[in-house]
Amino acid sequence: MADLVIRPLVAGEEELFDSMPDPLPHVRQVGYADGLAGGGFRPERTWVALRAGRVVGRAAWALPPGSVGDPWLDRFDLATAPQDGAALLRAAHEALGGPKVYHAALPAYWRRQPQVRDVVAAPMAAARLAGLVEQGERLRCSWTGGALPAFTGRYTFRPATDAAEITSLVARVAAPDLLTGAETARAVAGVDLATDPLSWLRGSAREWRVALDGGEPVGLAAPASRACFPMIAYLGVRAPAVRADLLAEVVRTLSGEGAYEVIADVDADRVAVLADLERAGFRRIRARVSFTPADA
């Protein structure tokens, strides 16, 4: 068997990355060429493993221009043994200044699909061998039109008064239900979207929706219509019963602004939140399993 050659790409070799067939072509993710054009991917942060001149492993770390954090491993595919993939990651980690977070993009119901589990087993095993530890799974859900979610009629809604009110209400939410793009906010700007959303979400405070029960605020949400796609950037409640109505309010708000799709990210273990999303017409479109350096 030919020796394994591990190295970064150099400028002009970008097509080498795409010479390896995509093992999960139906997963929504940024194409390598698009990532290069936008500046998130760079040849020196893209590594390949070659055997007899053929790409059998590839890894691309992403970091948008102007970011304050470290790049994260965004694309990692293997057509070889996990040990070879681990060698690829170790070589890249040494050049990049140490292990980085890995976000593995997967089909929404990947655990139920043996053929998908077979595809992802090798890169996940390689990540573990290279010193990364699985930390959790998040699901991306999408509402794509159709009937608008219904209200119970128990709650009323109004815009947030100002940034001070948003900050006060966020401080009273122990664990937000939805944080869409939280990983990007942390990597790009060093912002914890759960506790400091206004440092990341630049729109007017009046765009936020506050849920009221008898005049008392019991939840708030940030519809983001001017992001890369319409999304529920933040949703937090003080009483779980308000969640369904608050989801309905945000979807109706974004739909009224012309959105044909609304995106929401949720931790996979938030079963009640997922149930409310699905009742509101959302469907799971992607999973993301995160691995972090063991000493982080």
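This is a predicted model, so every value here is computed, not measured.

Q: Help me out: how do you make sense of the overall build of the protein chain in this one?
A: Within the protein chain, the secondary structure is distributed over eight helices and 13 strands. For a compact globule of 296 residues, the expected C-alpha radius of gyration is about 19 Å, and the protein chain comes in at 21 Å, within 12% of that figure. Counting only C-alpha atoms and orienting by the principal axes, one finds that the protein chain spans roughly 70 × 40 × 35 Å. Each of the 296 residues in the protein chain was classed as buried or not, and the buried ones make up 49%. Summed over its atoms, the accessible surface of the protein chain is roughly 13,600 Å², and 53% of this surface lies on carbon and sulfur atoms. Side-chain charges of the protein chain comprise 33 positive and 35 negative groups, with the mean position of each set lying 3 Å from the other.

Q: Even after reading the chapter, I still don't get the packing of aromatic side chains, so can you show me in this structure?
A: Two descriptors summarise a pair of aromatic rings, namely the distance from one centre to the other and the angle between the planes of the rings. All chains considered together, the criterion is met by six aromatic pairs. Members of the aromatic cluster, joined through ring pairs, are Phe17, Tyr32 and Phe41. The ring of phenylalanine 17 is capped by arginine 58, whose NZ or CZ atom sits 4.7 Å from the centre of that ring.

Q: I tried to follow the nonpolar core on my own but got confused; where do I start?
A: Burial of nonpolar side chains together is a common tendency in soluble globular proteins. Within the largest apolar cluster, 57 residues are counted, with the highest numbers of intra-cluster contacts made by Phe76, Leu178, Ile232, Leu277 and Phe282. Looking at this core element by element, the count peaks at six residues for helix α4 (residues 114-129). In this view, leucine 178 contacts Ile232, Ala233, Tyr234, Leu235, Leu247, Ala264, Asp265, Val266, Val273 and Leu277; residues no more than four positions away in its chain are not counted. Counting residues in hydrophobic clusters, the runner-up holds 21 residues, among them Trp208, Leu212, Ala224 and Met231.

Q: Looking at this structure, I do not really get the pattern of salt bridges. What am I missing?
A: Here the idea is simple: oppositely charged side chains can pair when their charged atoms come close. The final tally for this structure, using the stated rule, is 24 salt bridges. The salt bridge involving arginine 111 is made with glutamate 137; its shortest N-O contact spans 2.7 Å. Of the two residues, arginine 111 sits in the loop between β5 (102-106) and α4 while glutamate 137 sits in strand β6 (residues 132-143), which places them 26 residues apart along the sequence. Note that arginine 270 is salt-bridged to aspartate 177, the shortest N-O span being 2.5 Å. Residue arginine 270 is found in the loop between β12 (262-267) and α8 (271-279), and its partner aspartate 177 is found in the loop between α5 (163-171) and β8 (178-179); the two are separated by 93 residues along the sequence. Arginine 270 sits in the partly exposed class, given a relative accessible area of 22%. Overall, aspartate 177 belongs to the buried group, its relative accessible area being 5%. One connected set of salt bridges, linked through shared partners, spans Asp74, Arg138, Glu183, Asp267 and Arg288.

Q: Help me out: how do you make sense of helix α7 (residues 243-256) in this one?
A: Each turn of an α-helix holds 3.6 residues, which means side chains three or four residues apart point in the same direction. The terminal C-alpha atoms of α7 lie 20 Å apart, and with 14 residues this matches the ideal 20 Å at 1.5 Å per residue to within 8%. Looking at α7, one finds that the buried residues are Arg243, Asp245, Leu246, Leu247, Ala248, Glu249, Val250, Val251 and Leu254. Backbone geometry just downstream of α7 places glycine 258 in the positive-phi region, at approximately 105°.

Q: Would you mind showing me how to read the side chain of histidine 93 here?
A: With respect to the helices and strands, the residue histidine 93 is situated in helix α3 (residues 82-96). Filtering out sequence-adjacent residues up to four positions away, histidine 93 remains in contact with Trp61, Gly98, Pro99, Lys100 and Ala130.

Q: Would you explain the packing of α7 against α8 in this entry?
A: When two helices pack together, you describe them by how their axes are tilted relative to each other and by the distance separating the axes. Contact geometry of α7 with α8 gives a least axis separation of 10 Å together with a crossing angle of 45°. On the basis of their axis angle, the class for α7 and α8 is oblique. Our pair here, α7 against α8, has a crossing hand that is right-handed. The residues of α8 that touch α7, namely those facing Arg243, Ala244 and Leu247, are Ala272, Val273, Asp276 and Leu277. Here the residues of the contact of α7 with α8 sort into five nonpolar, no polar and two charged.

Q: I'm lost on α4 in this one. Help?
A: The end-to-end C-alpha separation of α4 is 22 Å, in line with the 22 Å expected for 16 residues at 1.5 Å each. Along α4, the sharpest kink reaches roughly 35°, centred on valine 120 and followed within four residues by the proline proline 123. For α4, the complete set of buried residues consists of Val116, Val120, Ala122, Pro123, Met124, Ala126 and Ala127. At its buried positions, α4 is contacted by β4 (72-78), α3, β5, β6 and β13 (283-293). One or two residues past the end of α4 sits glycine 131, with phi positive at roughly 95°.

Q: Hey, could you run me through unusual backbone geometry in this one?
A: Where the residue is not glycine, phi is negative for most of them; where a peptide bond is considered, it is trans in most cases. Even without glycine at this site, alanine 52 takes up a positive phi of about 55°. Considering the arrangement of structural elements, one finds alanine 52 in the loop between β2 (46-51) and β3 (54-62). A relative accessible area of 70% places alanine 52 in the exposed class.

About the cut-offs
Residues numbered from 1 in each chain as written. Predicted model: local features only at pLDDT ≥ 70, side-chain atom pairs only at ≥ 80, totals over all residues. Heavy atoms only, no water. Helix = DSSP H or I, 4+ residues; strand = E, 2+ residues; numbered from the N terminus. Rg over C-alpha atoms; globule rule 2.2 N^0.38 Å. Buried < 20%, exposed > 50% of the residue type's maximum accessible area, 1.4 Å probe, protein only. Areas by Shrake-Rupley, 256 points an atom, 1.4 Å probe, with all protein chains shown as cover. Lys, Arg positive; Asp, Glu negative; His and termini not counted. Charge placed at Lys NZ, Arg CZ, Asp CG, Glu CD. Phe/Tyr/Trp six-rings, centres within 6.5 Å; stacked < 30°, edge-to-face > 60°. Lys NZ or Arg CZ within 6 Å of the ring centre and 35° of its normal. Core = buried A, V, L, I, M, F, W, Y, C linked by side-chain atoms within 4.5 Å. Contact = heavy atoms within 4.5 Å. Salt bridge = Lys/Arg side-chain N within 4 Å of Asp/Glu carboxyl O. Expected span 1.5 Å × (residues − 1). Axes fitted to C-alpha atoms, helices over the stretch in contact; angles between N-to-C directions. Parallel < 35°, antiparallel > 145°, perpendicular 65-115°, else oblique. Left-handed = near helix turned anticlockwise from the far one by under 90°. Nonpolar A, V, L, I, M, F, W, Y, C, P; charged D, E, K, R; others polar. Bend = angle between axes of the 7 residues up to and from the residue.

Purely geometric numbers; function is a separate question.
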